[in-house]
Amino acid sequence: TKCESGCVCADGLYENLDGRCVPAEECPCEYGGLAYGRGEQIQTECEICTCTKGKWKCVQKTRCSSTCNLYGEGHITTFDGQRFVFDGNCEYILAMDGCSVNRPISSFKIVTENVICGKSGVTCSRSISIYLGNLTIILKDETFAISGENPSIRYKVKKNALHLMFDIIIPGKYNMTLIWNKHMNFFIKISRETQETICGLCGNYNGNMKDDFETRSKYVASNELEFVNSWKENPLCGDVYFVVDPCSKNPYRKAWAEKTCSIINSHVFSACHNKVNRMPYYEACVRDSCGCDIGGDCQCMCDAIAVYAMACLEKGICIDWRTPEFCREF
């Protein structure tokens, strides 16, 4: 209805990110704020995507893996994506197989031991035990110890400045990568070759988030506390009856927690904001920063931010967020 000055591409041509007019075959694709040319590929855990005429065409991988995250003061994201928080001073089964009534033999079991790390009663995952038949790996006090042996299991240990990583192969069943940041954060990445049932706090890994609160007795719990209590490794431990809100217990810390965790919402992570929902990670960061009130508060905050950074990395977005003044690599 009105004229506007400017330039347009000729028929059959399209403007690319550099402002040039190109044919459809040469249109780039965008992912995480970056441009990818024709034929370039990106990979996620379950898909390989190829840039074709400005759009991503994705193909499912034949073998797909999934990750369960345990981080901070009892935050868990299950293999199927369910999130919850629990506080409990006990040993809990994170993941194991052999859960079905027909095949109760377990080839692996991963247990977390929680230790109180704040006056308000919040807990941090401090010790992880990995049982592989007669082979046991204990992660504790920023190091690890291996005892026993299992000739059928193949494993490698890798280290860097921030993490200990364990690649474990249970032939014919699972390929697992376990990543521990030597403090509170622990990631279990599993690719399986069977439809063996998995159970524990990490859920049943069946692709359905809604039934992840399946108890040891094989029914779906009405709430997360009932679910968590069912996966105690030691039945003599007391049950958890409520979840502490550290910021209510320590209101004087809330402003500091919100300010320091706001980096998640800032321009530093802007390339990731439309790929990974930042709010659950921000809320977890504030909660943990309020809760670590007897030392280690900066470590709690940095660990929480690192979990969001890792979630971004899994989507192909690498964020350089650490500085010498803020959460430097120790």
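Our subject is the structure that appears above.
Attention in this report is confined to the structure presented alongside it. (Residues numbered from 1 in each chain as written. Predicted model: local features only at pLDDT ≥ 70, side-chain atom pairs only at ≥ 80, totals over all residues. Heavy atoms only, no water.)

**Observations concerning the overall build of the protein**
In step 1: What the protein contains, in helices and strands, is six helices and 20 strands.
In step 2: Seen along its three principal axes, the alpha-carbon backbone of the protein occupies a region of about 80 × 55 × 40 Å.
In step 3: Per-residue burial over the protein gives 47% buried out of 330 residues.
In step 4: Excluding contacts between residues fewer than 6 apart, the proportion of contacts in the protein whose partners are at least 24 apart in sequence is 48%.
In step 5: Total accessible area on the protein is roughly 17100 Å²; 51% of this is exposed by carbon and sulfur atoms.
In step 6: Computed over 36 positive and 40 negative side-chain charges, the separation of the two mean positions in the protein equals 2 Å. (Helix = DSSP H or I, 4+ residues; strand = E, 2+ residues; numbered from the N terminus. Buried < 20%, exposed > 50% of the residue type's maximum accessible area, 1.4 Å probe, protein only. Contact = heavy atoms within 4.5 Å. Areas by Shrake-Rupley, 256 points an atom, 1.4 Å probe, with all protein chains shown as cover. Lys, Arg positive; Asp, Glu negative; His and termini not counted. Charge placed at Lys NZ, Arg CZ, Asp CG, Glu CD.)

**Structural notes on the packing of aromatic side chains**
In step 1: Throughout the structure, instances matching the rule amount to 14 aromatic pairs.
In step 2: Taken together, a centroid distance of 5.1 Å and an interplanar angle of 25 degrees make the contact between Phe79 and Tyr205 stacked. Of this pair, Phe79 sits in the loop between strand E9 (75-77) and strand E10 (83-85) while Tyr205 sits in the loop between strand E20 (198-199) and helix H1 (224-230), and the two are 126 residues apart along the sequence. For the residue pair Phe79 and Tyr205, the accessibility class agrees, reading buried in each case.
In step 3: Ring geometry for Trp321 against Phe326: centres 6.4 Å apart, planes inclined by 75 degrees, an arrangement best described as edge-to-face.
In step 4: On the accessibility criterion, Trp321 (7% relative accessible area) is buried.
In step 5: A relative accessible area of 21% means that Phe326 is categorised as partly exposed.
In step 6: In this structure an aromatic cluster arises from ring pairing among Tyr71, Phe269, Tyr281, Tyr308, Trp321 and Phe326.
In step 7: One residue, Arg83, lies across the ring of Tyr281, its end atom 4.7 Å from the ring centre.
In step 8: The residue whose ring lies beneath Arg192 is Tyr205, and the NZ or CZ to ring-centre distance is 3.9 Å. (Phe/Tyr/Trp six-rings, centres within 6.5 Å; stacked < 30°, edge-to-face > 60°. Lys NZ or Arg CZ within 6 Å of the ring centre and 35° of its normal.)

**Here's the deal with the pairing of strand E17 (residues 164-170)**
In step 1: Here E17 lies mainly inside the structure; five of its seven residues are buried.
In step 2: The pairing of strand E16 (residues 154-159) with E17 spans six bridges and is classified as antiparallel. When the sheet's bridge partners are listed, Lys156 is paired in E17 with Asp167.
In step 3: Between E16 and E17, which pair antiparallel in sequence order, lie four residues.
In step 4: With seven bridges joining them, E17 and strand E18 (residues 174-180) adopt antiparallel strand pairing. Residue pairing for E18: Phe166 is matched across the bridge by Leu178.
In step 5: Between E17 and E18, which pair antiparallel and follow one another directly, the connecting turn spans three residues, one of which, Gly172, has a positive phi of 80 degrees. (Pairing = 2+ DSSP bridges.)

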